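Read off the chains here:
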Amino acid sequence: MTKRYMKPALLATGLALVLTACGGGSGGGDSKPEEPSNPPTASGNISGVAAAGAPLAGTVTVKDANGVTRSVPVGADGQYTVDVTGLTPPFLFRADGMVGGKRYVIHSAALQADVGGNINITPLTDLIIANIAGDLAANFFDSPQFASLTPAAVTEQTAALKARLQSVLSALGIEDTIDLLRTSFQADHSGLDAALDILRVTVDPETQVATIRNVLTQEEIQDQLTSTTDNSALPAPGDLGGVVTDLQGIEAAFQRFNALFANGLPTADAVKAELSADFRHEDQNRDTFAADVSSDPTNIGISFSGMTLEGPVQTSAEGTFVRVGFVVKLKNGLLESMETGWRLQKVTTGDQTRWLLHGNRGRFSAEAYPLALRNEVNGAVSYHTGMEFWIEDPNTTNDRGVIAYALVKGPGLPAGGVRFVPQSVGGQFCLESAQQPCGTLVELSDSAIAQVKDNSVYAFEFYTTTGQQVAITDNSNAQYRTVIKRPYTGAELSQIAWPALDGATRSALASFAGGPFSVTASYPAGFAYGIDVSYGTASGFSERLDQWTYPSTATVTEGFDFDPAPAADPVTWRMVKLDYNDNQLRNVLSIYRFQQ
């Protein structure tokens, strides 16, 4: 598997308008006219912001009353505009993308009167639609009952949700006239956007109960989607005067870091200036992290964006810290990774207060991602799918003991977890049950894959030779990784666009014995991709060269300059690995191996 992610260092007013008709001639009366059975098509745009504590990186799809859909990309600031000309209202909206280290699929709605206006798409509007439907908003979008999407229903449910959140909205200084669905806002951590930073909405699809939580106070209320009587409100959160200042200071820390890489590589000292003194991330300290990221040219133009709070700002004897998630993008906007569990530290020097990156505090390098594998050995092809877990321990000085094994636990895995053992002190971990070469793929059945939901979390636990579990931090005995999408199922493997060697390269690989080697391969266009070439001899000598770059084109050619194989030591195996990450960060890997 090609190692990537910046090498392992770095590796989301008013009430609704109700249309009335004025009759001509002798028409009129004191009852509300019915909506026309064949409403006219729209003419114009609908714009707004798609956000969930930060701008959503993804797409917005609108569906009209006849089931016709149109999709548009969301801008870096969360803004979208969709032309609904020729579509029939009312409309449902779906925003699908990444925010703060997680995948979000959120919904909203618009009526005929909203054409030409603003419609927000947030977790709060998703909850409004769910309460109108009495069902998950996603189910309503997939199988809409547009008859229930009336002006009265939209007005009622928007007002009901606002009343339940009013204490938080007021504490943030948000005007009472705000309309959660229609009031325009900027994704700048102020006003309604600050409320989205603080409020988290999760929905249990089994019970159809939504939980609204204040991440600062950890207080929460529940909303039964099938009930119209629950009306409990979030308690008053107290003084939130400093919250917006902190949020904007945290955002400024990411902007300063991004600026270092905007047009070139910074010096290691420039990177260190943005890191806390006790920075630790994936087993790298301040010095090693800064040296690593400042020397990799693929980091030019990289950005950390879409920051969301994962907990309150907390102050202890060690200092003031906050935990966040965010999205990592490459210079051309390609999604590189989703990060959760990062800390920042608030540091005051003289009269200047700044937030500095503090890392995810990991004592080991641990990654988790879905993997689809096409494995060809001497022309025989097999297919595999599951979860790949990549674990390394490059810095053993902070292990808190001699590590004997790691346990990985999470959806789709056996209840007791899967055990990985280190191959050498400070080296890579491999599946305990695997034969050589080192195994890192845990194959999953389709029934196990069904347990891997969006944003599934995997825990990495580490144990010493004396059987003691290592404390990663004072508050956690595990490192965690979030997977935004399940692995491909067995049936889906046949639909994958596999990277493939061309015939000439494949023939040349069969007799490769060191020296220069050129690889020509086909890829789906527009993804970050890797090529890994290696060979080994009868005596155990081996050599490996690889690269990870972007974006892929339909055909790529890369050269690798190996030393000649040792004399009188015949080559016994040769291998090329081709891989790329799809737009859900699932790795697709083709292996070509010739062995004697």
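Everything that follows concerns the structure shown earlier in this document.
Read on for an overview of the structure. (Residues numbered from 1 in each chain as written. Predicted model: local features only at pLDDT ≥ 70, side-chain atom pairs only at ≥ 80, totals over all residues. Heavy atoms only, no water.)

The strands making up a sheet associate through backbone hydrogen bonding, with each pair oriented either parallel or antiparallel. On the basis of which strands lie adjacent, the open sheet formed by three strands has the order S7-S8-S9 and antiparallel pairing. Of all the strands in the sheet, just strand S7 (199-204) and strand S9 (220-224) have a single pairing partner and so form its edges. Each neighbouring strand pair of the sheet contributes to a mean axis angle of 20 degrees, computed without reference to strand direction. Note: strand S8 (residues 209-214) against S9, five bridges, orientation antiparallel. Looking at the pairing, Val 209 lines up with Gln 224 of S9. (Pairing = 2+ DSSP bridges. Helix = DSSP H or I, 4+ residues; strand = E, 2+ residues; numbered from the N terminus. Axes fitted to C-alpha atoms, helices over the stretch in contact; angles between N-to-C directions.)

With that settled, consider the environment of Ala 270. Its location among the elements puts Ala 270 in helix H6 (residues 268-272). Overall, Ala 270 belongs to the partly exposed group, its relative accessible area being 26%. With 300 residues separating them along the chain, Ala 270 and Pro 570 place their C-alpha atoms 48 Å apart. (Buried < 20%, exposed > 50% of the residue type's maximum accessible area, 1.4 Å probe, protein only.)

The four strands lie next to each other as S3-S2-S5-S6, forming an open sheet whose pairing is antiparallel. In this open sheet, the two strands that pair with only one neighbour each are strand S3 (69-73) and strand S6 (102-110). Shown here is a sheet whose adjacent strand axes are inclined to one another by a mean of 20 degrees, direction ignored. The sheet contacts of helix H1 (residues 123-133) involve strand S5 (91-99) and S6, and relative to S6 the element is tilted by about 55 degrees. (Contact = heavy atoms within 4.5 Å.)

Our focus in this paragraph is unusual backbone geometry. The step from Pro 89 to Pro 90 runs through a cis peptide bond, and the omega angle for that step is 0 degrees. Secondary-structure assignment places Pro 90 in the loop between strand S4 (79-83) and S5. A cis amide bond links Tyr 550 with the next residue in sequence, Pro 551, at an omega value of -10 degrees. On the secondary structure map, Pro 551 appears in the loop between strand S28 (542-549) and strand S29 (555-564).

Taken as a whole and assessed by the stated rule, the structure comprises 23 salt bridges. With its nearest N and O atoms 3.5 Å apart, the salt bridge here joins Asp 179 to Arg 182. On the basis of relative accessible area, Asp 179 is assigned to the buried category, the value being 3%. Relative accessible area serves as the criterion here: at 15%, Arg 182 is assigned to the buried category. Close ionic contact of Arg 481 with Glu 282 constitutes a salt bridge, the shortest N to O distance being 3.5 Å. One end of the pair, Arg 481, is in strand S24 (residues 479-483); the other, Glu 282, is in the loop between strand S10 (280-281) and strand S11 (284-285), with 199 residues separating them in the sequence. A cluster of three or more residues bridged by salt bridges with shared partners is formed by Asp 96, Arg 103, Asp 454 and Lys 485. (Salt bridge = Lys/Arg side-chain N within 4 Å of Asp/Glu carboxyl O.)

The next thing to look at is helix H7 (residues 286-293). Because an α-helix completes one turn every 3.6 residues, residues spaced three or four positions apart along the sequence face the same direction. Here H7 has its buried residues at Phe 289, Ala 290, Asp 292 and Val 293. Considered in projection along H7, the buried side chains sweep an arc of 165 degrees and stay on one side of the axis. Packing partners of the buried residues in H7 comprise H6, S10, S11 and strand S15 (335-349). The opening residue of H7 is Asn 285, an N-cap whose side-chain oxygen sits 3.1 Å from the backbone nitrogen of Asp 287. (Arc of directions from axis to C-beta. Polar contact = N/O pair within 3.5 Å; in protein donor to acceptor, adjacent residues only side chain to side chain.)

Time to look at the packing of H1 against helix H3 (residues 151-171). The geometry of a pair of packed helices is captured by two quantities: the angle between their axes and the separation between those axes. Close contact between H1 and H3 brings their axes to 9 Å; oriented N to C, the two are set at 125 degrees. On the basis of their axis angle, the class for H1 and H3 is oblique. The handedness of the crossing between H1 and H3 comes out as right-handed. Mapping the contact onto sequence places Leu 124, Leu 127, Ile 128, Asn 131 and Ile 132 in H1 and Ala 153, Val 154, Gln 157, Thr 158, Leu 161 and Leu 165 in H3. (Parallel < 35°, antiparallel > 145°, perpendicular 65-115°, else oblique. Left-handed = near helix turned anticlockwise from the far one by under 90°.)

Before going further, it helps to examine the environment of Pro 266. On the secondary structure map, Pro 266 appears in the loop between helix H5 (243-260) and H6. Look at Pro 266 and you get buried, because its relative accessible area is 11%. The spatial distance from the C-alpha of Pro 266 to the C-alpha of Ile 300 is 9.1 Å, given a sequence separation of 34 residues. Sequence-distant contacts of Pro 266, that is, excluding residues within four places in its chain, are made with Leu 260, Phe 261, Val 271 and Ser 294.

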